[in-house]
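Chain by chain, the residues run as shown.
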Amino acid sequence: MSEKVLMKGNEAFAEAVIRGGVRFYFGYPITPQSEIPEFMSRELPKRGGKFLQAESELGAINMAYGCGAAGGNGFISSSSPGIALMQEGMSFLCGAEVPVTLLNVSRGGPGIGSIQPGQADYNQVTRGGGNGDYRIPVFAPASIQEAVDILYEAPGIADKYRNPVMVLADGLMGQMMEPVVLPEPRHAFTSEEIPAAKPWAISGSEKGERSVVKSLRLQPEVLEAHVEHLYEKYAEMEKELERVECENLEGAEVVFVAFGTMARLAREAMEMLEAQGIKAGMIRPISLWPYPYKAFDGIDFNTTKAVISVELSMGQMLQDINLGVKGRVPVRLIHRVGGMLPTSLEVVEKTKKIYKRHAARQHQLLSRLHPRRRTPHHHGDAG
Amino acid sequence: MGLLGKTIGVAPIGCSVVAHQFMNVDMCEAAHGRAPAVASGIRRVHPERVVFTYQGDGDLASIGMGEIVHAAARGEKFTTFFINNGIYGMTGGQMAPTTLIGQRSTTSVDGRTREQAGMPLKICELLATLDGPDYIERVSLDSPAHIRAAKKAVRKAFEYQLAGKGFTFVELLSTCPTNWGLTPPEAMKRMREEVAAYYPLGVYKDTGKEAE
């Protein structure tokens, strides 16, 4: 294992994908991730790779499409509005089964929005803005180390499924510094090795059957069979790529759901609440698609009064949380948008309000349903 | 030229969307207009191969203008074959960026006017203003003699690519009798007389020649 080094998020992300086997970078400058193309332009030529600054995000995603179709391990980084411009390309990459690793260092929206951190790309990255039936695995790490580990693994996942893989970070993670352990560099295919390693790729080599990489299937029955095939792959991804971290669910009175940097803030709030006598747990989805719905069955529904999403969006994750909670407990939202960040104290205060309201409501409800039942943890003699 | 098995092609969106079925080399299909970006990506992975794009006028001169201009300016080491028939064929005969003034289409039923749709784009002339390309020529497919000349231009573009030169571009004036509403002989005549008058044939850039 390598030693621990202190690195800025964006540079650690770039180093991690190079170590994971990426040798080709395509991108267009956009805040808050511009350190990544800068790093790649310096580092890739030294490591046998190539850097190409695209004329636009449309150019970047399509260069990556060509690279992936030709058997190369490509990488693209961008931020929210740039990712929006790449949606057509993502649909093409999925339809033509072309691998690429994508990193979205997200910021505020809609439109050009702001350059401050945001999580309002949730629907964009989990639902996709491109046309047709397709899915892209999305991972949302909460620390630079976790981002490094996932980005190191991502090119392999993309190759395995012949599909794009996205990592979602935010401006905070891109700009902050943390100690990280960098994994050992993995072998990257040379252009000579590609025809044997990826016989499906368009490598322009004599290998018997020629390769065609395309998403066009004009005959309905052929396209239907192809989409069914894609969904068999997506079903496998759902089984294999789901990642989640659950903390403190047993006996929890409130359960936070948060990803990325908001999960760090929620963890701080958990500790502060514990000190004030409220037991809080957390479900931290690491994969946003596939979403860890089953993790919500681990909630202690005897004790939990509310599930609270802590997000930097107007509650885009609530839909998935509700699919996991299935109405078993109220779902509430604590959020800031526009690049504003809640403090952990703000989360604690808002949580206490939600907790009190729902604890009282639950008590009333129980009293109504079971007039004689004792509800010991509020009013011992009531009923 | 012995390039089969060493060549990678990129097909466009448009009436040549199934070009990959007609050419016996490794091929991929690009999103509408993005073939030059796709070819740039392929070129990074396989510096030793021959790479080309095959694009129509809607694909290249309208939606894909950004990609072609930047690929040409970068002097990308691939060849673009630009098939200019002045109309959107696949979608049924709409006005293209290369549709001539006065030409009828389903979106200019009384003929294209300057006031309503501006002027047709001359791509060879436009790209020839850039320092990136090494070879730009416009040919026509209206007669056996011109088709032989076109074949020569295609060969020259590939030879330049094999010699390690940068961006090479061949525009091929072509007919679309169906959407022009003409018989094939009438279409050939129109191409010779009207189309080639607006889009003059010839070499617009040749760094090999300049060096001699």
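For the structure, check the block above.
What you are looking at is a predicted structure, and each value in this text was computed from that prediction instead of being measured.

Conventions used here
Residues numbered from 1 in each chain as written. Chains lettered and ligands numbered in written order. Predicted model: local features only at pLDDT ≥ 70, side-chain atom pairs only at ≥ 80, totals over all residues. Heavy atoms only, no water. Helix = DSSP H or I, 4+ residues; strand = E, 2+ residues; numbered from the N terminus. Expected span 1.5 Å × (residues − 1). Buried < 20%, exposed > 50% of the residue type's maximum accessible area, 1.4 Å probe, protein only. Arc of directions from axis to C-beta. Contact = heavy atoms within 4.5 Å. Buried area = accessible area lost by both parts, 1.4 Å probe. Salt bridge = Lys/Arg side-chain N within 4 Å of Asp/Glu carboxyl O. Polar contact = N/O pair within 3.5 Å; in protein donor to acceptor, adjacent residues only side chain to side chain. Nonpolar A, V, L, I, M, F, W, Y, C, P; charged D, E, K, R; others polar. Pairing = 2+ DSSP bridges. Right-handed = clockwise from strand over helix to strand, strands pointing away. Axes fitted to C-alpha atoms, helices over the stretch in contact; angles between N-to-C directions.

1. Things to note about helix H10 (residues 220-240) of chain A
All names here are of chain A. In this model, H10 (21 residues) spans 30 Å end to end at C-alpha, consistent with the 30 Å of a helix rising 1.5 Å per residue. Among the residues of H10, His226, Leu230, Lys233, Tyr234 and Met237 are the ones counted as buried. Buried positions in H10, seen along its axis, are confined to an arc of 100° and lie on one side of it. Exposed residues lying more than 90 degrees from the buried face of H10 are Pro220, Glu221, Glu224, Glu232 and Lys239. For H10, the secondary structure elements touched by its buried residues are helix H5 (87-96), helix H7 (144-161) and strand E13 (287-289).

2. What about the interface of chain A and chain B?
Taken together, the contact between chain A and chain B spans 36 residues of the former and 35 residues of the latter. Both sides together, the interface formed by chain A and chain B hides about 2,800 Å², and carbon and sulfur atoms give 59% of it. B:Arg74 serves as the salt-bridge partner of A:Glu55, at 3.0 Å between the closest nitrogen and oxygen. Along the contact surface separating chain A from chain B lie 17 residue pairs in polar contact (both at pLDDT 80 or more). Secondary-structure elements contributing two or more residues to the side of chain A that touches chain B are strand E2 (24-27), strand E3 (50-53), helix H3 (57-69), H5 and strand E9 (212-213) of chain A. Looking at which element gives the most residues to the side of chain A that touches chain B, the answer is H3(A), with eight residues. Classifying every residue of the side of chain A that touches chain B by side-chain character gives 17 nonpolar, 12 polar and seven charged.

3. Some words on the pairing of E2(A)
Residue and element names in this part refer to chain A. Residues Phe24 and Phe26 line one face of E2 and the alternating positions Tyr25 and Gly27 line the opposite face, and both faces are buried. Relative to E3, E2 runs parallel, the two being bridged by four bridges. Counterpart to Phe26 in the pairing with E3 is Leu52. At this point the chain moves from E2, through helix H2 (residues 35-43), to the parallel E3, and the crossover so formed is right-handed. Here E2 runs beside strand E4 (residues 74-78); their pairing, made up of two bridges, is parallel. Bridged to Phe24 within E4 is Gly74.

4. Observations regarding the sheet that holds strand E3 (residues 50-56) of chain B
Pairing between sheet strands relies on hydrogen bonds along the backbone, with the strands arranged either parallel or antiparallel. In space, the eight strands of this open sheet follow the order E9(A)-E2(B)-E1(B)-E3(B)-E4(B)-E8(B)-E7(B)-E9(B), with mixed pairing throughout. Two strands bound the open sheet, and with one partner strand each, they are E9 of chain A together with strand E9 (202-206) of chain B. Pairing of strand E4 (residues 79-84) of chain B with strand E8 (residues 168-173) of chain B, which is carried by six bridges, proceeds in the parallel orientation. Residue pairing for E8(B): B:Asn84 is matched across the bridge by B:Leu173. Packing against the sheet, helix H1 (residues 35-45) of chain B makes contact with strand E1 (7-11), strand E2 (26-29) and E3 of chain B, and its axis sits at approximately 170° to E3(B).

5. Observations concerning the sheet that holds strand E12 (residues 280-285) of chain A
Residues and elements named next belong to chain A. Across the sheet, five strands lie side by side as E10-E12-E11-E14-E15; this open sheet has mixed pairing. Of all the strands in the sheet, just strand E10 (244-247) and strand E15 (331-335) have a single pairing partner and so form its edges. When the angles between neighbouring strand axes are averaged without regard to direction, this sheet yields 20°. Sheet analysis places strand E11 (residues 254-257) next to strand E14 (residues 306-311), joined by four bridges and oriented parallel. In the sheet register, Val255 faces E14, and the bridge partner there is Val307. In the packing of helix H13 (residues 344-369) onto the sheet, contacts are made with E11, E14 and E15, and the angle to E15 comes to roughly 160°.

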